[in-house]
Amino acid sequence: MPNKYDITDAELEIMQVLWEKKQCDLNTIIETINGNKNTIKTLLRRLMLKGSVVSKKIGMKDTIYIPKVDKNKFLSNQNESFLKKLYNGKTGNLLLNFVENQKVSKEELKKLIDILESED
């Protein structure tokens, strides 16, 4: 069975819309991401097969789509996967890489230090 957290970049665009709106119809998704109707329908079918999205009939013709994956759980899952792939699962290695390559401002670094010191 496909993993409901295994969401492609194209599917993620749809999930972003659903997370923002909580639920919506096909036309709203198409308008929001300015996408192709057939492509979006295909992506929604894939998301439903994974269990990431469910559909609900409203009336005779209308269908709404509802996310079944919590955004925060998805982000946590993706962060963990990223850390495992690139940094052997170690957050410290990721932070050191950012600091060493000057991708973290002094203000951000100070916030990180404050957070670390407050957890003691």
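Residues numbered from 1 in each chain as written. Predicted model: local features only at pLDDT ≥ 70, side-chain atom pairs only at ≥ 80, totals over all residues. Heavy atoms only, no water.

Observations regarding the packing of helix α1 (residues 9–21) against helix α3 (residues 37–50)
Where α1 contacts α3, the axes come no closer than 10 Å and their chain directions differ by 85 degrees. Regarding the angle of α1 to α3, the classification is roughly perpendicular. Two secondary-structure elements touch here, α1 through A10, E11, I14 and M15 and α3 through I40, L43, L44, R46, L47 and K50. (Axes fitted to C-alpha atoms, helices over the stretch in contact; angles between N-to-C directions. Helix = DSSP H or I, 4+ residues; strand = E, 2+ residues; numbered from the N terminus. Parallel < 35°, antiparallel > 145°, perpendicular 65-115°, else oblique. Contact = heavy atoms within 4.5 Å.)

Brief notes about the confidence of the model for the chain
Here the chain averages 89 in pLDDT, and 98% of its residues register 70 or above. α1 holds the highest mean pLDDT among the elements of the chain, 96, whereas helix α5 (residues 91–100) holds the lowest, 80. (pLDDT = per-residue confidence, 0-100.)

Describing the pairing of strand β2 (residues 53–58)
Relative to strand β3 (residues 62–67), β2 runs antiparallel, the two sharing six bridges. Bridged to S55 within β3 is Y65. Here β2 folds back onto β3, and the loop between the two strands holds three residues, one of which, G59, carries a positive phi near 70 degrees. (Pairing = 2+ DSSP bridges.)

A word on the nonpolar core
Counting residues in each nonpolar core, the largest one holds 19 residues, and the members touching the most others are I14, M15, L18, I29 and L44. Residue assignment for this core shows that the elements contributing at least two residues are α1, α2 (26–33) and α3. Here the element with the most residues in this core is α1; it accounts for five residues. Not counting chain neighbours up to four residues away, the residues in contact with M15 comprise I7, L47, S52, V53, P67 and V69. (Core = buried A, V, L, I, M, F, W, Y, C linked by side-chain atoms within 4.5 Å. Buried < 20%, exposed > 50% of the residue type's maximum accessible area, 1.4 Å probe, protein only.)

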